[in-house]
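Summary of the model geometry
The lines below spell out each chain.
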Amino acid sequence: MQRLTGVVVSDATLLASFVGLHADLMDVSDLGRRGTWGLGFHGNGEMLIKRAPLGGMARPAEVLATVRARHVVLSADGDPGPRRTLVEAQPLRYRDWLFAASGTSTLGDDFVARVQETTTSTSFAAKRGATPEEALMMVFIDALYRGHARDTRKLPVATLREAIAEGSARLRELAGAERLSLAVLLHAHEQLFAVPLGRPLFVNSFSGASHGRTERTAEARRLAHLRAVAVSDHMVGNDRWTNLETPAHVGIDCEVSSFPI
């Protein structure tokens, strides 16, 4: 079973406080002890990934207590297969991008070979033992490359949306007769793109009183001004989750902006 969650906060210094109040967003304990989890975020000027085994000493919420970031991607896999290693665990990094997906078992046994036959990335085309998650990422990276959108720092969001729409269309072609049941998160610096492809993604917004802090402390006053958004393939905590019917973009303003593909 795979788990996928993205969190965006308006103030990086309050990420740990927000996660502490909403730790259920980062909880992967129900997936058992066999498998892996990983956290991806932008920090110290680059994309960083921290990985750990399920059932180990580290917990995602505990790791985030030391992190300052506005966007975080959590991915967990409770049944990664016998040959998967911790290094192969999602999220995956490609230059300025982080990538994670759930539902990859629906891609079919020949999906990796199909992607390697058609990719414009020669290094990936020749890679042995590539995983379905890597192949899925390369479908989108290829689209970003063709749209001159692989490096994201100075590109308009509209350009990135167009490339993600192209990647989604290409994915449907490559999956063949297999019925897609995927949810995808792509994270670039100050950007999070959520793409439901047959697997539901849900969104939840938090602000002010919804953080649950009422005492009159300095931290409570700061949290009162914090805005946050969670995007996930599972719903926890409360009934404010809504179905994300089309892809969406969430920037540092914590506004959820849907776009068609």
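Residues numbered from 1 in each chain as written. Predicted model: local features only at pLDDT ≥ 70, side-chain atom pairs only at ≥ 80, totals over all residues. Heavy atoms only, no water.

**Some details on the overall build of the chain**
- The helix and strand inventory of the chain stands at seven helices and 13 strands.
- Considering the chain as a whole, with its 261 residues, one finds that 51% of them fall into the buried category.
- Look at the contacts in the chain between residues 6 or more apart in sequence, and 71% of them connect residues 24 or more apart.
- Of the roughly 12000 Å² that the chain leaves accessible, carbon and sulfur atoms contribute 50%. (Helix = DSSP H or I, 4+ residues; strand = E, 2+ residues; numbered from the N terminus. Buried < 20%, exposed > 50% of the residue type's maximum accessible area, 1.4 Å probe, protein only. Contact = heavy atoms within 4.5 Å. Areas by Shrake-Rupley, 256 points an atom, 1.4 Å probe, with all protein chains shown as cover.)

**Overview of the sheet that holds strand β2 (residues 36-43)**
- Judged by pairing direction, the sheet is antiparallel, and its seven strands sit side by side in the order β3-β2-β4-β1-β10-β9-β11 without closing on themselves. Two strands bound the open sheet, and with one partner strand each, they are β3 (46-53) and β11 (242-243).
- Pairing between strand β1 (residues 2-9) and strand β4 (residues 71-77): seven bridges, direction antiparallel. Residue Val7 lies in a different strand from β4, and its bridge partner there is Val72. (Pairing = 2+ DSSP bridges.)

**Here's the deal with the pairing of β4**
- Counting buried positions along β4 yields seven of seven residues, so the element is predominantly enclosed.
- For β2 and β4, the ladder comprises six bridges, and the chain directions are antiparallel. Following the sheet pairing, Trp37 is matched in β4 by Ala76.

**Concerning helix α5 (residues 132-146)**
- With 15 residues, α5 extends 21 Å from end C-alpha to end C-alpha; this agrees with the ideal 21 Å at 1.5 Å per step.
- Judged by how many residues are buried, α5 sits mostly within the fold: 12 of 15 residues are covered. (Expected span 1.5 Å × (residues − 1).)

**Some words on the sheet that holds strand β6 (residues 97-102)**
- With antiparallel pairing, six strands are arranged side by side in an open sheet as β5-β6-β7-β8-β12-β13. The open sheet has two edge strands, β5 (92-94) and β13 (256-258), and neither has a second partner. Each strand axis lies, on average, 20 degrees off the axis of its neighbour in the sheet, ignoring direction.
- On the sheet, helix α6 (residues 157-174) packs against β6, β7 (182-188), β8 (191-197), β12 (248-251) and β13 and is oriented at approximately 25 degrees with respect to β8. (Axes fitted to C-alpha atoms, helices over the stretch in contact; angles between N-to-C directions.)

**Side note on the nonpolar core**
- In this structure, Phe111, Leu136, Phe140, Leu171 and Val184 are the most contacted members of the largest nonpolar core, which totals 34 residues.
- Mapped by element, the contributors of at least two residues to this core are β5, β6, α3 (111-118), α5, α6, β7 and β8.
- With eight residues, the single largest contributor to this core is α5.
- What Phe111 contacts, discounting residues up to four positions off in sequence, is Pro132, Ala135, Leu136, Val139, Leu171 and Leu174.
- Formed by 29 residues, the second largest nonpolar core is a distinct cluster that contains Val7, Trp37, Leu64 and Ala228. (Core = buried A, V, L, I, M, F, W, Y, C linked by side-chain atoms within 4.5 Å.)

**Comments concerning unusual backbone geometry**
- Cis geometry marks the peptide bond from Gln90 to Pro91; its omega dihedral reads 0 degrees.
- Assignment of secondary structure puts Pro91 in the loop between β4 and β5.
- At Asn44, a residue that is not glycine, the phi angle is positive and equals roughly 55 degrees.
- Its location among the elements puts Asn44 in the loop between β2 and β3.
- At Arg95, a residue that is not glycine, the phi angle is positive and equals roughly 50 degrees.
- In this structure, Arg95 sits in the loop between β5 and β6.

**Quick word on the pattern of salt bridges**
- Scanning the entire structure with this criterion turns up nine salt bridges.
- The salt bridge partner of Arg93 is Glu46, with a shortest N-O separation of 3.6 Å. With a gap of 47 residues between them, Arg93 in strand β5 and Glu46 in strand β3 connect regions that are remote in the sequence.
- One connected set of salt bridges, linked through shared partners, spans Asp142, Arg146 and Glu166. (Salt bridge = Lys/Arg side-chain N within 4 Å of Asp/Glu carboxyl O.)

**Considering the packing of α3 against α6**
- The N-to-C vectors of α3 and α6 enclose an angle of 125 degrees; their axes lie 10 Å apart at closest approach. One finds that α3 runs oblique with respect to α6. In the packing of α3 onto α6, the handedness of the crossing is right-handed. Residues Phe111, Arg114, Val115 and Thr118 of α3 form the contact with α6, whose own contacting residues are Arg170, Leu171 and Leu174.
- Its residues assigned to classes, the contact of α3 with α6 comprises four nonpolar, one polar and two charged. (Parallel < 35°, antiparallel > 145°, perpendicular 65-115°, else oblique. Left-handed = near helix turned anticlockwise from the far one by under 90°. Nonpolar A, V, L, I, M, F, W, Y, C, P; charged D, E, K, R; others polar.)

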